[in-house]
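Descriptive analysis of the structure
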Amino acid sequence: MPFQPPDAATPAHPDSFANSSANSSANSSANAYQRSSGRRRFMQGAALAAAGLALAPGAVRDALAAETWYGTWGTAPAGPAPVGSYMSFSNQTLRLIAHASIGGSRARVRLSNELGRGPVQIGAAWIGLSASGASLVAGSNRQLRFGGGAGASIAAGAALLSDPLDLAIPAQANLAISLYLPGSVQAATVHDAAYQTSYVSAAGNQAASASLGVQRTLYSWPFLTEIDIGTTRASATLIALGDSQTDGVRSTSNANRRWPDYLARRLLTETGSGALPVGVVNRGISGNRLLGDADNTPLAGKDALERFDRDVLATSGARFLVILIGINDIINSSSPNAALADQITAGYLRLVARARIRGMRVLGATLLPFEGYTWYSAAREAVRQRVNAWIRTAGAFDAVLDFDAAVRDPGRPTRLLPARDGGDHLHPGDAGYEAMARAVPLSLLSS
């Protein structure tokens, strides 16, 4: 059998799934996402009707056209985990904490059961502003509806978008999405490495409550994949597509110190008041690869080429894309050579072409140094150097972000600078992630 080192980026959390091969592949949700635009407009129209607005067809069309949606937060679901290692819930409420990038006065939420083997019943769903722990800011909680109904069933392989609602969301606010699960549910669709504490209630529907009777905590995001804000002001969304180095492995938990988080704060504080508001959506998955699935680590997700439509093109307001992926392809290769480097760069070209069809600006990021990591070798380093040289010189991207230069040790450029090393010589720490965000020229995102 070919050499297969352990996955490069699996954090240890109390409720992390086991890293073993999944028993079977999940149903594809490509068709559901191809229909996402039509579904979103239908659900927006349903929300207007549910609010009792007697609008003529032309007026409904005008109202929909005036409001545009942008991602303020997102994550990428992975899995499914091996049977027997799912998180299970029964007659309980999840309170999932997520950090907004930009603010707005309207909100909607995307839920997903695309990796499930059976339907998931949502008995009730609410969204509010998180105060601390599992408590909410008084008066901020709002009920989410789905086609006008208080609950919904999400079919296996499908996603579900809520109706829009009015909610003032400040930029950089912590949001709490509360999902009441009335039946017994196994969470097959989940983002594992949240680096954020969320909460599971004792028995009962507590979604509407400002406080939650907490039974246990979570360090993952089941079912929740995106939060959008609605606005009539021109805006845009940046999607960070990557692996554990985008997911924020080795960053401080509950502090939002992944490099996309630092970038979102820079966009708010270092650009002028008339600058285009840019939401930042993190689609990094720990252990993810560009070219093929990590079969030994199910929660590393489908490869970037396969998940691109769902995680990039289906993101609301997608306008900018940062690609930082490929290091796991190199680390896990049993025969790292020039051919592998060429396969990686060919994969980049496929992503760029698909993004540009949608009019997106694509920024390519150089791969970070990793000497000192368990699976480092001179041959793997040679592949990384070859890929980085191509990123810098081929002219394939609209711009290059030199993350390698931002975090490497000038005296030994095959290593992370000690002050920016998260400790395993592969992942940056908080200071390294901040340096990566500072390597992004904000002028690239200003138009």
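In what follows, the accompanying structure is described. These numbers were taken from a predicted model, which means no experiment stands behind them.

With that out of the way, let us pick up the packing of aromatic side chains. Tallied over the full model, the rule gives 6 aromatic pairs. Judged by centre distance (5.0 Å) and plane angle (80°), the ring pair of Trp73 and Trp221 falls under edge-to-face. Within this pair, whereas Trp73 is found in strand β1 (residues 68-74), its partner Trp221 is found in strand β15 (residues 221-222), the two being separated by 148 residues in sequence. What makes Trp221 buried here is its relative accessible area of 5%. Members of the aromatic cluster, each reached through a chain of ring pairs, are Tyr348, Trp390 and Phe397.

Moving on: the nonpolar core. If you look at the biggest cluster of nonpolar residues, it comprises 56 residues, and the most contacted ones within it are Trp259, Leu321, Ile323, Tyr348 and Phe403. Counting residues per element, this core draws most heavily on helix α8 (residues 338-357), which supplies 7 residues. Among all residues touching Leu321, those that are not within four sequence positions of it are Ile239, Leu241, Phe308, Val312, Ala355, Met360, Arg361, Val362 and Leu363. Among the nonpolar cores identified, the runner-up in size contains 46 residues, and Phe89, Ile102, Ile127 and Ala173 belong to it.

This brings us to helix α5 (residues 259-269). Of all 11 residues in α5, 8 are buried; the element is thus mostly enclosed. Regarding α5, the residues found buried are Trp259, Pro260, Asp261, Tyr262, Leu263, Ala264, Arg266 and Leu267. Tucked inside the fold, the buried residues of α5 contact β17 (236-242), α4 (244-247), β18 (278-284), β19 (318-324), α10 (403-407) and α11 (430-438).

This part takes up the pattern of salt bridges. Per the stated rule, a full pass over the model turns up 23 salt bridges. The residue Arg412 makes a salt bridge to Glu371 at a minimum N-O spacing of 2.5 Å. Residue Arg412 is found in strand β23 (residues 412-416), and its partner Glu371 is found in the loop between β20 (361-365) and α9 (378-393); the two are separated by 41 residues along the sequence. Residue Arg412 is classed as partly exposed on the basis of its relative accessible area, which comes to 40%.

Turning to the environment of Asn282, a few remarks are in order. Note on placement: Asn282 falls in strand β18. Spatially, the C-alpha atoms of Asn282 and Arg258 are 9.0 Å apart, while their sequence positions differ by 24 residues. If we ignore the near neighbours within four places in the chain, the residues touching Asn282 are Gly74, Thr75, Ala76, Ala240, Thr246, Asp247, Arg258 and Pro260. A distance of 2.8 Å separates a polar side-chain atom of Asn282 from the backbone oxygen of Thr246.

Each turn of an α-helix holds 3.6 residues, which means side chains three or four residues apart point in the same direction. Across its 20 residues, α8 extends 29 Å between first and last C-alpha, which sits within 8% of the 28 Å expected from 1.5 Å per residue. Residues of α8 that are buried make contact with β17, α6 (304-313), β19, α7 (327-331), β20 and α9. Two to three positions downstream of the cap, the backbone nitrogen of Ala339 sits 3.1 Å from a side-chain oxygen, assigning the N-cap of α8 to Asn337. Taken from the residues just after α8, Gly359 is the one with a positive phi, measuring 75°.

Moving on: the side chain of Glu226. Secondary-structure assignment places Glu226 in strand β16 (residues 224-231). Separated by 2.6 Å, the side chains of Glu226 and Arg283 make a polar contact. In this structure the side chain of Glu226 is engaged in a polar contact, spanning 3.2 Å, whose partner is the backbone nitrogen of Ser316. Not counting residues up to four positions away in its chain, the partners in contact with Glu226 are Gly71, Trp73, Gly74, Arg108, Val109, Arg110, Arg283, Ala314, Thr315 and Ser316.

It is worth spelling out the packing of α5 against α11 at this point. Running from N to C, α5 and α11 cross one another at 50°; their axes reach a closest spacing of 8 Å. In terms of their interaxial angle, α5 and α11 are classed as oblique. The chirality of how α5 crosses α11 is right-handed. Contacts from Trp259, Tyr262, Leu263 and Arg266 of α5 reach α11 at Asp430, Tyr433, Glu434, Met436, Ala437 and Arg438.

So, on to the pairing of strand β10 (residues 165-169). Covered by surrounding structure in β10 are Leu165, Leu167 and Ile169 only, the residues Asp166 and Ala168 on the alternate face being uncovered. Where strand β3 (residues 104-112) lies against β10, 3 bridges are found, and the strand directions are antiparallel. Among the inter-strand pairings, Ala107 is bridged to a residue of β10, identified as Leu165.

As a further point, take the environment of Val120. For Val120, the position within the fold is in strand β4 (residues 120-122). Overall, Val120 belongs to the buried group, its relative accessible area being 3%. A C-alpha to C-alpha distance of 6.7 Å links Val120 and Val185, two positions 65 residues apart in sequence. What Val120 contacts, discounting residues up to four positions off in sequence, is Asn113, Ala152, Ser153, Ile154, Leu181, Val185 and Phe223.

Reading the values: the criteria
- Residues numbered from 1 in each chain as written.
- Predicted model: local features only at pLDDT ≥ 70, side-chain atom pairs only at ≥ 80, totals over all residues.
- Heavy atoms only, no water.
- Phe/Tyr/Trp six-rings, centres within 6.5 Å; stacked < 30°, edge-to-face > 60°.
- Helix = DSSP H or I, 4+ residues; strand = E, 2+ residues; numbered from the N terminus.
- Buried < 20%, exposed > 50% of the residue type's maximum accessible area, 1.4 Å probe, protein only.
- Core = buried A, V, L, I, M, F, W, Y, C linked by side-chain atoms within 4.5 Å.
- Contact = heavy atoms within 4.5 Å.
- Salt bridge = Lys/Arg side-chain N within 4 Å of Asp/Glu carboxyl O.
- Polar contact = N/O pair within 3.5 Å; in protein donor to acceptor, adjacent residues only side chain to side chain.
- Expected span 1.5 Å × (residues − 1).
- Axes fitted to C-alpha atoms, helices over the stretch in contact; angles between N-to-C directions.
- Parallel < 35°, antiparallel > 145°, perpendicular 65-115°, else oblique.
- Left-handed = near helix turned anticlockwise from the far one by under 90°.
- Pairing = 2+ DSSP bridges.

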